[in-house]
Amino acid sequence: EAAARLRRACRQQVRQANNMKNLTSKHSEYVAVKVALGVLLLLFVLNIVEPGVQDFAAERGLFFCGLVLQEQFPNVSAHSSIPGPIRDQVDVWTRGVGDPADIRNVIFLDIEKRVYCNEIVAEGQDCSQPEAFSGPRKLLEEIDKEIQVSPYRISDLISVRVPDLSNEEVTEKELNERTTSVAVLYAPEGAQLEAIFSITTTVLVIIIILTGITLLTKDMTFLSRNLLRPLRELADEMESIAQLQLAGVSNSEETDANESGTSEVRLIRRTFENMKKAIKSWGKYVPWPVVQILLRANVEANLQVNEVEVTIFFSDIASFTTIVESMPPESSLLLLSRYFNDMTKIIDDHGGVVLEFIGDAVLAIYGAPLANEDHPQAGVSAALRMFHSLKRMNEWSREPTRDLPEVKIRCGVHTGRVLVGNMGFHSRMKYGIVGEDAHIPSRLEEMNKSYSTSMLISDSTLRRLPEDRFLTRPVDWVHLRQTPGAKSEVVHEVLPSGRVRRGSTQMAAEAFQLHAKALDLYRARDFERAAHLFEEVGQALLEATGEEDRPSALLLKRCRAYCVR
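This one's a predicted model, so the numbers in the text were calculated from it and none came from an experiment. (Residues numbered from 1 in each chain as written. Predicted model: local features only at pLDDT ≥ 70, side-chain atom pairs only at ≥ 80, totals over all residues. Heavy atoms only, no water.)

A. Representation of the overall build of the chain. Broken down by element type, the chain carries 19 helices and twelve strands. Burial analysis of the chain (565 residues in total) assigns 42% to the buried set. Long-range contacts, defined here as pairs at least 24 residues apart, represent 67% of the contacts in the chain between residues at least 6 apart. When the accessible area of the chain is evaluated, it comes to approximately 33,100 Å², of which 53% is carbon and sulfur surface. (Helix = DSSP H or I, 4+ residues; strand = E, 2+ residues; numbered from the N terminus. Buried < 20%, exposed > 50% of the residue type's maximum accessible area, 1.4 Å probe, protein only. Contact = heavy atoms within 4.5 Å. Areas by Shrake-Rupley, 256 points an atom, 1.4 Å probe, with all protein chains shown as cover.)

B. Here's a closer look at the nonpolar core. Grouped together as the largest cluster of nonpolar side chains are 35 residues, with contacts concentrated most on Phe-313, Tyr-339, Val-380 and Met-455. Sorting the residues of this core by element identifies β5 (304-317), α12 (320-325), α13 (329-349), β7 (361-366), α14 (375-397), β8 (409-425) and β10 (455-458) as the ones contributing at least two each. Sort the elements by how many residues they give to this core and α14 lands first, with nine residues. When residues no more than four places from it in sequence are discounted, the contact partners of Tyr-339 are Ser-315, Ile-317, Asp-360, Val-362, Leu-390, Met-393 and Ile-409. (Core = buried A, V, L, I, M, F, W, Y, C linked by side-chain atoms within 4.5 Å.)

C. The arrangement of the state of the cysteines in detail. In this structure the tally under the stated criterion is one disulfide. Here Cys-117 connects covalently by a disulfide to Cys-127, the sulfurs 2.1 Å from one another. Residues Cys-117 and Cys-127 share a disulfide whose torsion about the S-S bond is about 95°; that sign makes it right-handed. Placement of the pair is Cys-117 in strand β2 (residues 114-118) and Cys-127 in the loop between β2 and α5 (140-149), with a sequence separation of ten residues. With relative accessibility at 1%, the residue Cys-117 sits in the buried group. With no disulfide of its own, Cys-559 lies closest to Cys-563 among cysteine sulfurs, the gap being 6.5 Å. Residue classification places Cys-559 among the buried residues on the basis of a relative accessible area of 0%. The class of Cys-563 is partly exposed, set by a relative accessible area of 44%. (Disulfide = S-S within 2.5 Å.)

D. Up close: the sheet that holds β2. Strands sit in the order β2-β1-β4-β3 across an open sheet of four strands; the sheet is antiparallel. Lying at the two open borders of the sheet, with one neighbouring strand each, are β2 and β3 (157-162). The mean inter-strand angle of the sheet, taken between neighbouring strand axes irrespective of direction, is 10°. Each of β1 (106-111), β2, β3 and β4 (181-186) touches α5; the most contacted strand, β3, lies at about 170° to it. (Pairing = 2+ DSSP bridges. Axes fitted to C-alpha atoms, helices over the stretch in contact; angles between N-to-C directions.)

E. Quick peek at α14. Given a rise of 1.5 Å per residue, 23 residues ought to cover 33 Å, and the 32 Å separating the end C-alpha atoms of α14 matches this to within 8%. A large share of α14 lies buried, amounting to 17 of its 23 residues. (Expected span 1.5 Å × (residues − 1).)

F. Structural view of the pairing of β1. Judged by how many residues are buried, β1 sits mostly within the fold: six of six residues are covered. With four bridges joining them, β1 and β4 adopt antiparallel strand pairing. Bridge pairing in β4 places Asp-110 opposite Val-182. As judged from the four bridges shared by β1 and β2, these two strands associate in the antiparallel manner. Residue pairing in the sheet places Leu-109 in a bridge with Cys-117 of β2. Taking the residues between adjacent antiparallel strands as the criterion, β1 and β2 are bridged by two residues, where Glu-112 takes a positive phi near 50°.

G. Region of the structure containing the pattern of salt bridges. In this structure the tally under the stated criterion is 25 salt bridges. With a shortest N-O distance of 3.1 Å, Lys-449 and Glu-446 are connected by a salt bridge. Of this pair, Lys-449 and Glu-446 both sit in helix α15 (residues 440-451), three residues apart, which is roughly one turn of that helix. Given a relative accessible area of 46%, Lys-449 falls into the partly exposed group. Judged by its relative accessible area of 40%, Glu-446 is partly exposed. With its nearest N and O atoms 3.1 Å apart, the salt bridge here joins Glu-547 to Arg-499. Of this pair, Glu-547 sits in the loop between α18 (527-545) and α19 (550-564) while Arg-499 sits in the loop between β12 (489-494) and α17 (505-523), placing them 48 residues apart in sequence. Taken together, the salt bridges that share partners define one network made up of Arg-473, Glu-493, Arg-499, Glu-547 and Asp-549. (Salt bridge = Lys/Arg side-chain N within 4 Å of Asp/Glu carboxyl O.)

H. Quick peek at empty space enclosed by the protein. This model, assessed by the stated rule, comprises two cavities of 30 Å³ or more. The calculated volume of the largest cavity comes to roughly 90 Å³. Forming the walls of the largest cavity are 15 residues, and the residues nearest its centre are Arg-473, Glu-493, Arg-499, Leu-541 and Asp-549. Of the voids in this model, the second largest cavity is the one considered here, and its volume is about 30 Å³. (1 Å grid on protein atoms, 1.4 Å probe; cavity = no way out; pocket = protein on both sides within 12 Å on 5 of 7 lines; lining within 4 Å. Points joined across faces, edges and corners; volume = space filled by probe spheres on them.)

I. View of the side chain of Ser-332. Looking at where Ser-332 falls in the secondary structure, it is placed in helix α13. Residue classification places Ser-332 among the buried positions, given a relative accessible area of 10%. In this structure Ser-332 touches Val-324 and Met-327, once residues within four positions along its chain are discounted.

J. Inspection of the environment of Arg-95 at higher detail. As for its position among the elements, Arg-95 is in helix α4 (residues 84-95). Residue classification places Arg-95 among the exposed positions, given a relative accessible area of 52%.

K. Quick peek at the packing of aromatic side chains. A complete count under the given rule lists seven aromatic pairs for this structure. In this structure an aromatic cluster arises from ring pairing among Tyr-339, Phe-340 and Phe-357. Across the ring face of Trp-396, the terminal group of Arg-338 is positioned such that the distance to the ring centre comes to 4.7 Å. Residue placement shows Arg-523 over the ring face of Trp-477; its charged tip is 4.1 Å from the ring centre. (Phe/Tyr/Trp six-rings, centres within 6.5 Å; stacked < 30°, edge-to-face > 60°. Lys NZ or Arg CZ within 6 Å of the ring centre and 35° of its normal.)

L. Looking closely at α5. Buried residues of α5: Leu-140, Ile-143, Glu-146 and Ile-147, and no others. The buried residues of α5 occupy one face: seen down the axis, they fall within an arc of 115°. For α5, exposure combined with an orientation more than 90 degrees from the buried face picks out Lys-145, Gln-148 and Val-149. Packing partners of the buried residues in α5 comprise β1, β2, β3, α6 (172-178) and β4. (Arc of directions from axis to C-beta.)

M. Looking closely at unusual backbone geometry. Here the bond from Val-162 into Pro-163 is cis, since omega is -5°, no more than 30 degrees from zero. Between Ala-368 and Pro-369 the backbone carries a cis peptide bond, its omega angle lying at 0°. Even without being glycine, Lys-113 reaches a positive phi, approximately 65°. Mapped onto the fold, Lys-113 is located in the loop between β1 and β2. The phi dihedral of Ser-319 falls on the positive side, at around 55°, and the residue is not glycine. Secondary-structure assignment places Ser-319 in the loop between β5 and α12.

Written as structure tokens, this is what we have:
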């Protein structure tokens, strides 16, 4: 019904628009001509008032002064007398040649990192007739600080550096090392001239804009009153019902509109395109499967949750706070964007849904809103795939053009029943999960710190996995739930293939089986035999992975403590 009403309104407005098609075309041509003339006039004014030639005479003269000192007097120290040729060269550079001469008022000058004169500070050497170099040059940052506290206005000063590294990305240390000569010129007339150019340009641009606005307003008022306002009202009505009738309206008949060929109908098409973009943007904030379900069902999102068994994934970047503290914000954003992009793609490829990014952490579920009977296997497989993808990402980060730190992740995977759906209130909601089992993956991720592991899964997830598909072992019995009377549960480690040396997979699998047997003895309080097996496990995994095995070492320490008691 809504789609039919919309089509009838479109046809009525298009018929009204056709009666004024010639009038619209006529005024549109006038508007286009005026806009074009205004743009050409603006470009012409800017071309006149904006200087297009840059003067490099100061840099060239300073470079030549340094070249003379380096070639003719290479052994002159930072406290030696100034050679006559150097003084003459500086005089020529500062006083200029020709008529009129380009006189430069120097208040600070160093040549090849030897201070020639310094009038910035009160105790500095006068630049008119210096007798000797006054010492080595300070750091460029210190010179900038002296300029800031000097009586000179910053806008009246011109800094000349040889070589000019302003267009290169260099560190402060490299800048100090590579900059051989520095001069600070006092040129208030340059700032005044630039201010005059700026004011003139601004005034002319304002006049042109105001004139254009006045002329365009006159024409647009006529068009709006007679033609555009009815069609804008129609476009607003279409947007108001877009959420409920998107599928039907997008496929509606467009024969009449296509035949009319008016600009007003093209506005309607653009409105529809904007709606599509809005929905695509919505899908970037809300899990896209949820958006698709709502559009297919042709209903509005409501507060509703259902109890569903899902596999929940939670991951975090190890020591990310420390990493961020040593990086600029732009590098942190680049690193996180690449990380989230790669991890999200893996989750999507395995049928999962990213619920939210919590800082550097990722929370995702498998099995909802799209049903998947093998969601535990999908969750574990995706997590292992992430570890493999991190290797490529770290190689990308190590490239010289980026120089980003490597990252490692810890993750937890749990399968359980939670409430899944839309939560919040009527005007603001999100798609998420609630329940005691929803917090277990984050606790498993946190436990990785205690056992020096990278991936822990709950026993409920392990029981749903195919046998011998993944390299797993029981790590310990812990309390995962905080409800009164909750019992301890066994947690398992899943070993990523990248941590095992080539050809040592069988050795690692046998060590994991031995670890499970040792844990059974530990639970049976046979600590002496368990300690012996844990020691064998540690030695085997050290050979298989090249790393010390923290879980077996921790349980070995407990066994020895119990044996002493």
